[in-house]
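Okay, here's what each chain looks like letter by letter:
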Amino acid sequence: MASSADSPFLKKPLLRKQLKKQPLWGKRLRRHRHPNKQRQTQRQGRGQGPRSPVKSHQPTRLRALIVWGLLMLGIVALGVRLAHLQLVQGPTLTQIARQQQFTPDVPRPARRPIVDREGNVLAVDRIIYTLYAHPQLFQKAPAEVAEGLSPLLEIPQDELLNRFSQQKSGIQLSLDLSQEAAERVRNLRLDGLELLPQQQRFYPQQSLFAPIVGFVNVEGVPQAGLESAFEKELLMEAAAAAAVPAAPLAAGSLNPTVPPELAAPLKLQLTLDSRLQRVAQQELQATVDRHGAKRGTVMVMDAQTGALLALATSPTYDPNRYYESDITTFRNWAVSDLYEPGSTFKPINIAIALEVGAITPDDGIYDEGRLQFGEWTIQNSDFSHVGGRGPLSITDVLKYSSNVGMVHIMDRVRSATYFDWLQRLGLGRSTGVDLPSEVVGQLKDRDQFVNSDVESATASFGQGFALTPMQLLQLQAILANGGKLVTPHVVQGLVDDKGSLRWQPDRPTPQPVFSPETTQAVLEMMEAVVSDGTGKPAQLPGYRVGGKTGTAQKVTEAGVYGNGRITSFVSILPIEAPRYVVLAVIDEPFGDNAYGSTVAAPLVKSVMESLVVIQRIPPAQAAAQ
Amino acid sequence: MSAALKPRISAQSRPRNFREAADRVTVLANPARSQAGQPLTGLVELNRKALTEAPPRHLQAVPSTPTWSRRTQLLAAFNTGISMLTSLLVVTALGGYGYTVYVDRQLDESSAHLNSLQRNGQQLTTMSEVLKNYMAEQAERPSAGLQPPRPTNVIFLKPAQRRTSAGTEAPIPTEAKPASRLAPLGY
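Residue positions are given per chain, counted from 1 along the sequence in the order it is written. In the order they appear in the text, chains get letters beginning with A and ligands get numbers beginning with 1. Predicted model: local features are reported for residues with pLDDT of at least 70 only, side-chain atom pairs are reported and counted for 80 or more only, and whole-chain, interface and lining totals are derived from all residues. Excluding hydrogens and water, the side-chain figures rest on all heavy atoms present in the structure.

**Student:** What's the story with the overall build of chain A in this structure? I'm lost.
**Tutor:** By definition, any uninterrupted DSSP run of H or I lasting at least four residues is a helix, any uninterrupted run of E lasting at least two residues is a strand, and each is numbered from the N terminus. Summing up its helical and strand segments, chain A has 27 helices and 18 strands in all. In this scheme, a residue with accessible area under 20% of its type's maximum is buried, one over 50% is exposed, and one in between is partly exposed, where area comes from a 1.4 Å probe on protein chains only. In chain A, which comprises 625 residues, the proportion classed as buried is 49%. In what follows, residue pairs with any heavy atoms lying within 4.5 Å of each other are defined as contacts. Partitioning the contacts of chain A with sequence separation of at least 6, the portion at a separation of at least 24 is 72%. We get accessible surface area from the Shrake-Rupley algorithm with a probe of 1.4 Å; when it comes to residues, only the shown protein chains can shield them. With the model as given, the accessible surface of chain A reaches about 30,500 Å², and the carbon-plus-sulfur share is 53%.

Here it is as structure tokens:
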């Protein structure tokens, strides 16, 4: 408009007047609406005399300039402020905002739960709270605060008051408040108290599975058992994703980097059965207590797969209060300690002799009761009151647990062949069990074994070499499953909510070692041991059970056999369709009458009683019908 | 805006319109006279006179060229379009912003809900396992009068053999076919 005012067209008096007076177009409109007013203005304009057009639009221009200037100034000022906020104060403001928006969110579970074969939870993450007091923020008198907290924390009021007076802030009052207790503390509505949530591993079954499952310490680091052996598998991917301090939207489910099949809530399932484990643990503890034994273990294995159904060890500990326990109990001695198996190894030796064709099941052996190998004397355990038993069948050798008979049997096998067989069975090697800190068995040096007669003679009745109770169980399983060397294990794999397996640890395929005919022959001999031999205390009415007792002398620290014994009993059932192997080992039971048959066999029997019920094994007669 | 539109009414056309309107008024007011063709008198005549004369000066619009008018019309249309577009954009932007805020809040609420559900689930699992363990420990006590399961206390039943379903399934299709064929005939 201002520019059009300069054009020569508009230099007519009327227009000039119009421009002079009301140069903006809005005024021209008014002229049409109010003609009288317009005329009046025009008249007034005439009266005052015409102004030059240049002079007349100066204030307009100025006004526009001022307005434009102000607007520009405003824009520039805003821009400067924005830059200042974003570039200079940005980081500080972000930090302040974060602090204001931050609510101590409850951390997500970091580790997967561990469940037994029935889905009973053995280990799970739970939320616990750490309670801090900041006396300088108290709105009420410390005495009042102490009065409110005392019953909830189970700390005397005086002690609380004493603690409040020690520091102004940051006094740790409790480390492991449960969720309910934390809620109660919150409901007190006291200022100056701070509850910090965190995830803690919890073992509802307490000491029952401790030697197997292990524990996670306060810092969240697994220290023993499966917790440490399967640390990687137990760690939740979602937890790892959530651990990134990201935007509030970054929930685990929304994180595209976590594949859905791993984000699903998986559990580590074990092959163990809580009910059987409980019975085994209870009976084992009773036996250990009754005989004043040092320690003991009972194991039940499904020989077809190598899966353990129960693995009870004594002593055990409460993983929830691991810090109060003896450190030596953290290791599962069934895999971490060696012992000389004694007579429980005899069935394996017979199987070797049968397999190499050194004997047949119907062969006869002469038992003198005592043998002399140079300076070493080998005699039967009952030699003092029975003497030599004379001619015996192979079955009788097992039935009476004749050491001399075993020496004669293994004498028919060449020492080198015998040694090779022992190695082939895995002696001196790991069993491959999935429990940590497994110790490898000890076998004599090959030259020593082959060149010395007494070595193979002592090995024939299970002494002179050492293995773990777990390895003995594995070897006995060969007899039960038709000759395959299976890998003992307690972990089934990772399962989802519906119970389908998503991941399974790699295990070697079972290698056949003995022929089924051999194992069947040995099983029948073992059945005779229970029905009519040293294993009578393990008889289970109605069931066909095979077994073998074992009472081995323990080597003292000085390296000679002392008074200490380690008694054991192994049993295989049902003989008509062998599947389960039960092994009990009791270390150093007290008393003269402490043998495999008196200490371990009754224990195995009570475990088998529960086993047949839980695994629904019908009695042999019923099965035959 | 209205000032720019005003000059669209051309100055020439206005008196004629006025005159026609006045005639119509006169005829309506005095039908008999107009039919008889008598000269009009009185107020009506005055009215007619006033209207037939040239319009007063203040009613004469500023003469405008047709190009300017067209451009104005175009601008006006453009203006209207832009206004509508702006309004639409403002509404869309507000709606979009509102939606993001709503979704954000919903997501927050839902995730808080999910978290609390998960926490409750976790707590329930823990409590149920603790209870199970407590019950098992209670049952272990000799005073509870309970004993572990023994084969002498249980009855083993052989699972009944599954009936072969072939015999029962076979007739169904053979019966069903004639039945469906006969059904319309029955009624």
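Okay, back to it.
**Student:** Even after reading the chapter, I still don't get the overall build of chain B, so can you show me in this structure?
**Tutor:** The secondary structure content of chain B amounts to seven helices and zero strands. Traced from its N-terminal end to its C-terminal end, chain B shows the element sequence α-α-α-α-α-α-α. Looking at chain B as a whole, 9% of its 187 residues are labelled buried. Split by element, the accessible area of chain B, about 15,400 Å² in all, is 63% carbon and sulfur.

**Student:** What am I meant to see in the pairing of strand 9 (residues 370–373) of chain A here?
**Tutor:** Two faces belong to every sheet, and in a regular strand the side chains alternate between them. Residue and element names in this part refer to chain A. Think of it this way: DSSP has to see at least two bridges between two strands before they count as a pair. Bridge count for strand 9 against strand 10 (residues 376–379) is four bridges, and the pairing is antiparallel. Within the sheet, the bridge partner assigned to R370 lies in strand 10 and is Q379. Between the antiparallel neighbours strand 9 and strand 10 lie two residues, among them G374 with a positive phi of about 60°.

**Student:** What should I look at first to understand helix 6 (residues 90–101) of chain A in this one?
**Tutor:** Given 3.6 residues per turn, any residue in an α-helix points the same way as the ones three and four places further on. One fewer than the residue count of a helix, multiplied by 1.5 Å, yields its expected span. With 12 residues, helix 6 of chain A extends 16 Å from end C-alpha to end C-alpha; this agrees with the ideal 16 Å at 1.5 Å per step. Of all 12 residues that make up helix 6 of chain A, one are buried, and the element is exposed over most of its length.

**Student:** What should I look at first to understand the sheet that holds strand 17 (residues 561–573) of chain A in this one?
**Tutor:** Strands pair in a sheet through their backbones, by hydrogen bonds, and they do so in one of two ways: parallel or antiparallel. Residues and elements named next belong to chain A. Reading across from one edge, 7-6-18-17-16 is the order of the five strands in this open sheet, with antiparallel pairing throughout. Edge positions in the open sheet fall to strand 7 (307–314) and strand 16 (546–555), since each of these has one partner strand only. Strand-to-strand twist across the sheet, computed as the mean angle between neighbouring axes with direction ignored, equals 10°. In the sheet, strand 16 pairs with strand 17 via nine bridges, with the strands oriented antiparallel. By the bridge assignment for strand 17, G550 is matched with S568. Axis lines are fitted to C-alpha atoms, over the contacting stretch for helices. Their N-to-C directions set the angle, which ranges from 0 to 180 degrees. With respect to the sheet, helix 24 (residues 469–480) is in contact with strand 6 (295–302), strand 7, strand 17 and strand 18 (580–587), its orientation differing from that of strand 18 by roughly 150°. Across the sheet, helix 26 (residues 596–614) is in contact with strand 6, strand 7, strand 16, strand 17 and strand 18; its angle to strand 17 comes to roughly 25°.

**Student:** For this particular structure, what's the right way to read the packing of helix 7 (residues 142–153) of chain A against helix 8 (residues 157–166) of chain A?
**Tutor:** If you want to describe how two helices pack, look at the angle between their axes and the distance between the axes. All names here are of chain A. Relative orientation of the contacting elements helix 7 and helix 8 amounts to 125°, with a least axis distance of 8 Å. What the angle tells us is that helix 7 and helix 8 run oblique. For the pair helix 7 and helix 8, the crossing hand works out as right-handed. Of helix 8, the residues touching helix 7 (which contributes P142, A143, V145, A146, E147, L149, S150 and L153) are Q157, L160, L161 and F164. Classification convention: Asp, Glu, Lys, Arg as charged; Ala, Val, Leu, Ile, Met, Phe, Trp, Tyr, Cys, Pro as nonpolar; all other residues, Gly among them, as polar. Partitioning the contact of helix 7 with helix 8 into residue classes produces nine nonpolar, two polar and one charged. Orientation categories follow fixed angle ranges, with anything under 35 degrees roughly parallel, anything over 145 roughly antiparallel, 65 to 115 roughly perpendicular, and all other angles oblique. Handedness of a crossing is defined here by the sense of rotation of the near helix relative to the far one, left-handed for an anticlockwise turn of less than a right angle and right-handed for a clockwise turn.

**Student:** What's the story with the packing of aromatic side chains in this structure? I'm lost.
**Tutor:** Remark: the centre distance and the inter-plane angle together describe each pair of aromatic rings, the angle taken between the planes. All names here are of chain A. In summary, the pairing rule links any two rings of Phe, Tyr or Trp, Trp by its six-membered ring, whose centres are within 6.5 Å, and it sorts them by plane angle into stacked for under 30 degrees, edge-to-face for over 60 and tilted for everything else. Scanning the model with the defined rule gives 11 aromatic pairs over all chains in all. Ring plane angle 20° and centroid distance 4.3 Å describe the contact between F215 and Y322, whose orientation is recorded as stacked. Here F215, found in the loop between helix 10 (210–213) and helix 11 (225–229), pairs with Y322, found in the loop between strand 7 and helix 16 (333–336); they are 107 residues apart in sequence, far enough to count as distant. Here F215 and Y322 have matching classes, each one buried. On the numbers, 5.2 Å between centres and 50° between planes, the contact of F419 with F449 is tilted. Placement of F419 in helix 21 (residues 415–424) and of F449 in helix 22 (residues 446–451) is noted, with a sequence separation of 30 residues between them. The same class applies to F419 as to F449, namely buried. For the cation-ring pair, R126 lies above F202, with the distance from its terminal atom to the ring centre recorded as 4.0 Å. Here, a charge over a ring means that NZ of Lys or CZ of Arg falls within 6 Å of the ring centre while also lying within 35 degrees of the ring normal. When the ring centre of Y595 is taken as origin, the NZ or CZ atom of R565, which lies over that ring, is 4.6 Å away.

**Student:** I'm lost on unusual backbone geometry in this one. Help?
**Tutor:** Trans is the prevailing form of peptide bonds, just as negative phi is the prevailing case for residues other than glycine. All names here are of chain A. Residues S314 and P315 are joined by a peptide bond in cis, for which omega reads 5°. Inspection of the secondary structure puts P315 in the loop between strand 7 and helix 16. Geometrically, the link from L573 to P574 is a cis peptide bond, its omega value of -20° lying close to zero. Within the element layout of this structure, P574 appears in the loop between strand 17 and strand 18. Positive phi, close to 55°, is recorded for Q206, a residue that is not glycine. Considering the arrangement of structural elements, one finds Q206 in the loop between strand 4 (193–202) and helix 10. Judged by relative accessible area, Q206 falls into the partly exposed class, the value being 31%.

**Student:** For this particular structure, what's the right way to read the confidence of the model for chain B?
**Tutor:** Low pLDDT marks stretches whose predicted atomic positions should not be read closely. Residues and elements named next belong to chain B. Overall, the prediction assigns chain B a mean pLDDT of 71, with 51% of residues at 70 or greater. The predictor's confidence in any single residue is recorded as pLDDT, a number from 0 to 100. The model gives residues 1–13 a pLDDT under 50, and that stretch makes 11 contacts with residues more than four places away or in other chains. Residue range residues 32–37 is modelled with pLDDT below 50. Its contacts to residues more than four positions away, or to other chains, number three contacts.

**Student:** Would you mind going over the environment of E283 of chain A with me for this structure?
**Tutor:** Positionally, E283 of chain A belongs in helix 15 (residues 274–291). Since its relative accessible area comes to 16%, E283 of chain A is described here as buried. Separated by 320 residues in sequence, E283 of chain A and L603 of chain A place their C-alpha atoms 6.4 Å apart. Ignoring sequence-local partners within four residues, the contact set of E283 of chain A consists of L603 and S606 of chain A together with P148 of chain B.

**Student:** Would you mind showing me how to read the pattern of salt bridges here?
**Tutor:** A side chain of one charge can pair with a side chain of the opposite charge if their charged atoms are brought near each other. Residues and elements named next belong to chain A. What counts as a salt bridge is simple: a side-chain nitrogen of Lys or Arg found within 4 Å of a carboxyl oxygen of Asp or Glu. Inspection of every chain in the model, using the stated rule, returns 26 salt bridges over all chains. The partner of D125 in a salt bridge is R201, and the shortest N-O contact between them spans 3.1 Å. Of this pair, D125 sits in strand 2 (residues 121–133) while R201 sits in strand 4, and the two are 76 residues apart along the sequence. Comparing D125 with R201 shows no difference in burial state: the two are buried. The salt bridge partner of R544 is E527, with a shortest N-O separation of 2.8 Å. With R544 in the loop between helix 25 (516–532) and strand 16 and E527 in helix 25, this residue pair connects regions lying 17 residues apart in the sequence. A single salt-bridge network, built from bridges that share partners, covers R295, R331, D337, K554, D587 and E588.

**Student:** What am I meant to see in the environment of V124 of chain A here?
**Tutor:** Among the structural elements, V124 of chain A can be located in strand 2. Expressed as a C-alpha distance, the spacing of V124 of chain A and K267 of chain A, which sit 143 residues apart in the sequence, is 9.6 Å. V124 of chain A has contacts with P113, Q200, R201 and F202 of chain A together with T126 of chain B, leaving out every residue within four places of it along the chain.

**Student:** Before we go on, may I ask you to explain the environment of D382 of chain A in this structure?
**Tutor:** All names here are of chain A. Within the fold, D382 resides in the loop between strand 10 and helix 18 (383–386). With relative accessibility at 12%, the residue D382 sits in the buried group. Considering only alpha carbons, one finds D382 and S402, 20 residues apart in sequence, at a separation of 8.7 Å. In contact with D382, not counting residues within four places along its chain, are G387 and R389.

**Student:** Looking at this model, I keep getting lost on a nonpolar patch on the surface. Mind explaining?
**Tutor:** Grouping into patches uses exposed residues only, defined as over 30% relative accessible area, and leaves out salt-bridged ones; the cut-off is 9 Å for like charges and 5 Å for nonpolar side chains (Val, Leu, Ile, Met, Phe, Trp, Tyr). On the surface, L75, F78, I82, L85, L88 and L89 of chain B cluster together to form a nonpolar patch covering roughly 610 Å² of accessible area. Checked against the element boundaries, L89 of chain B lands in helix 5 (residues 66–140).

**Student:** Would you explain the nonpolar core in this entry?
**Tutor:** The nonpolar side chains of soluble globular proteins are, as a tendency, buried together. Residues and elements named next belong to chain A. We call a set of buried Ala, Val, Leu, Ile, Met, Phe, Trp, Tyr and Cys residues a nonpolar core when their side-chain atoms join them within 4.5 Å. Within the largest apolar cluster, 90 residues are counted, with the highest numbers of intra-cluster contacts made by L311, I350 and I409. Of all the elements, helix 24 adds the most residues to this core, at eight residues. In this entry, domain limits derive from an automatic or database-based domain assignment. Shared between two domains, this core holds at least three residues of each, these being domain 2 (114–270) and domain 3 (278–624). Ignoring anything within four residues of it in the chain, the contact list for I350 reads I359, I394, L398, M406, I409, V522 and M525. Within the second largest apolar cluster, 34 residues are counted, among which are L284, F569, L573 and A601.

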